[in-house]
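# Observations on chain architecture
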Amino acid sequence: MNLSHLPLSSIKKGTRILMRVDFNVPLKNGKVPEASLPRLRAVAPEIVEYTKRGARVILATHLGRPDGHRKTSLSTHALVRPLGTCVGQGIETASDIAGSSARKMVEHLQPGRIVMLENLRFDEREEKNKRSFAKELAQLGDVYVNDAFSVSHRPHASVSAITKYLPSFAGDLLTKEVTELSKPLKEPFVLVLGGVKLETKLGLLLALGSKADAILMGGGAAVVLESIRSDRPSLATHLSPSSHEIRIGKKILRRFQDRLILPSDAILKSTGKSESIHQLGIDDLMIDIGPKTQKAFEKIMEDAKTIVWNGPMGMIEDSRACGGTTAVLRSMVHSEARTIAGGGDTLGFLDGTTLTKKLSFVSTGGGAMLAFLAGEPMPGLKPLFV
C-alpha cells in the first residue's frame, strides 16, 4: 500500500491546509535553542511550497506535557519567530487552538500566509482522541496533512480522529520516514536503547526485541533492568519505575536473556569515575555506561548489518556523562551497517556533532520509530494509506 499525498495541482488560492507538525522542542529561557532549529527547518520547504501556491497554512503542534492545562511556558508563540526565519515570512499566532480566536485568524488569513495554533495539549481532549476536539480542528481546514511521524503511533485527536472529518494526506517528511523505515532489517541486527522514557520503551522492546540479534541497553532502561536482574531495587530508586514497568522488565529479562547486553561498568555521579556494576552501593548513581561496556558494545556493532539506536547511554546534560553516547555514535558511523537513529534526546545530541551526516537515516521519532519497526499499530498512519 502507498501513502496518499496532496496533489499540488489541487491547491487553489485560499485553500486552507491544516498541517500537523511536530515542533515539540525543548525551550531554554522561553526560546528555541540553536540545536533544535533543524526540526523546524526540516518541514519549512513543504510549508513554503504550499504558500507559493496561495494556500493558507494552519500549523498545529504540541509542545511539552501540559496535561490539558494552559501553561504560558509551553505556548507555541515561542516557535513563531524562529520558524518565520525558516520559511521567510512572519507567522500569525492564534491565542487558542480551535476556538473563536483561531477561527477568526483563519477566516481573515490572506492566501500564502501562515498561522500557528496554540499548543494542542492545552486541551485534554487531544490526548484522549476525542472526536469533539477533532471536529473543531477540522472546521479550520479544507484538507489535512500529517507531517508529524513522531506522534503517529499515538491515538490523539490531531493525528487519528481528525482524519474522519477532512480529506487526509501524508506530508513529505512523514513519507520519507515510512519509506526509510520500511526497508528490511538486514541481519545481524543490533538494537541499541537508552534514555529515560521507560513507559513506552520497555513495552516496545518486547515487540521489537525478537527481531534483534543483540540488544544493547544503556540509560535509565538499563538501570531498571539491572536492578531487577540483581535484585537491588536501590539502583533504580531515582527513576521510580512503576509496578507495570517492573513486570515488563522481568519479561524482557526472561525472553531475551540470550541476546540482552546490560552495562558491566558505569560512571558514577559522585566521582565521575568508572566502577563495576557489581560494586555499586545504595547511594551510587549511574550517569553513563563505563569504558568496558563501551568496548563491548563496539565489538558487537562491528559485525552488524543493521543498527537501530534510540536514546542516550547516560545523562548527557552532564558533561561527564557523554562518553558512552559518543562511543555508540562513533561505532555506528565506523561500521559498514545501515545505521538508523531517532528520538528527541538522541536528535538533540546529534545536532551538536558533525558525525550525524554519516548515519544512514535519522528519524524524527523515538517511540514512533520503534513502534513502526516492531510492526505495532500506527493510528496516525493507517488512514493515510491507499
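Our structure is the block above this text.
Time to look at the sheet that holds strand E7 (residues 189–193). Spatial strand order, E9-E8-E7-E13-E14-E15: six strands in an open sheet with parallel pairing. Sheet topology places strand E9 (260–261) and strand E15 (361–363) at the edges, where each strand pairs with a single neighbour. Judged from the four bridges that link them, E7 and strand E8 (residues 214–217) form a sheet pairing that is parallel. Looking across to E8, one finds that Val192 is bridged to Leu216. The sheet contacts of helix H5 (residues 172–181) involve strand E14 (338–342) and E15, and relative to E15 the element is tilted by about 125°.

Once that is clear, we can look at the nonpolar core. If you look at the biggest cluster of nonpolar residues, it comprises 49 residues, and the most contacted ones within it are Phe149, Leu191, Met217, Ile252 and Leu260. When contributions to this core are tallied by element, the ones reaching two or more residues are H5, E7, helix H6 (198–208), E8, helix H7 (219–229), helix H8 (243–255), strand E10 (265–268) and helix H12 (367–374). The element contributing the most residues to this core is H12, with seven residues.

Within the element layout of this structure, Asn146 appears in strand E5 (residues 143–146). Spatially, the C-alpha atoms of Asn146 and His5 are 9.9 Å apart, while their sequence positions differ by 141 residues. In this structure, Asn146 is in contact with Arg20, Ser152, Val159, Phe169, Ala170, Gly171, Leu174, Gly380 and Leu384, ignoring residues within four places of it in sequence. In this structure the side chain of Asn146 is engaged in a polar contact, spanning 2.8 Å, whose partner is the backbone nitrogen of Ala148.

A few words on empty space enclosed by the protein. Evaluated as defined, the whole model comprises one cavity of 30 Å³ or more. Space inside the largest cavity adds up to approximately 100 Å³. As for the largest cavity, its lining consists of 13 residues, of which Asp22, Asp147, Ala148, Leu173 and Thr364 are closest to the centre. For the lining of the largest cavity, the secondary-structure elements that each account for two or more residues are helix H1 (37–52) and H5. Here the lining of the largest cavity gets three residues from one element, more than from any other, and that element is H5. Among the residues forming the lining of the largest cavity, the class breakdown is seven nonpolar, two polar and four charged.

Attention now moves to the sheet that holds strand E11 (residues 274–276). Ordered in space as E11-E10-E12, the three strands form an open sheet in which the pairing is antiparallel. One side of each edge strand has no neighbouring strand; the edge strands of this open sheet are E11 and strand E12 (286–289). Direction aside, the axes of adjacent strands within the sheet are offset by 45° on average. Taken together, the three bridges between E10 and E11 define a ladder with antiparallel strand orientation. The residue bridging Ala266 from the neighbouring strand is Glu275, located in E11.

Tracing the backbone through its elements, the reader meets Ser132 in helix H4 (residues 131–138). A sequence separation of 30 residues divides Ser132 from Ile162, and the C-alpha atoms of the two residues are 9.6 Å apart.

Next up on the list: the pairing of strand E1 (residues 16–20). In terms of residue burial, E1 counts as a mostly covered element, since four of its five residues are buried. Relative to strand E2 (residues 56–60), E1 is paired through five bridges, and the arrangement is parallel. Directly across from Arg16, in E2, lies its bridge partner Arg56. Following the chain from E1 across H1 to the adjacent parallel E2, one finds a crossover that is right-handed. With four bridges connecting them, E1 and E5 associate as parallel partners. By the bridge assignment, Arg20 is partnered in E5 with Asn146.

Definitions and cut-offs
Residues numbered from 1 in each chain as written. Predicted model: local features only at pLDDT ≥ 70, side-chain atom pairs only at ≥ 80, totals over all residues. Heavy atoms only, no water. Pairing = 2+ DSSP bridges. Helix = DSSP H or I, 4+ residues; strand = E, 2+ residues; numbered from the N terminus. Contact = heavy atoms within 4.5 Å. Axes fitted to C-alpha atoms, helices over the stretch in contact; angles between N-to-C directions. Core = buried A, V, L, I, M, F, W, Y, C linked by side-chain atoms within 4.5 Å. Buried < 20%, exposed > 50% of the residue type's maximum accessible area, 1.4 Å probe, protein only. Polar contact = N/O pair within 3.5 Å; in protein donor to acceptor, adjacent residues only side chain to side chain. 1 Å grid on protein atoms, 1.4 Å probe; cavity = no way out; pocket = protein on both sides within 12 Å on 5 of 7 lines; lining within 4 Å. Points joined across faces, edges and corners; volume = space filled by probe spheres on them. Nonpolar A, V, L, I, M, F, W, Y, C, P; charged D, E, K, R; others polar. Right-handed = clockwise from strand over helix to strand, strands pointing away.

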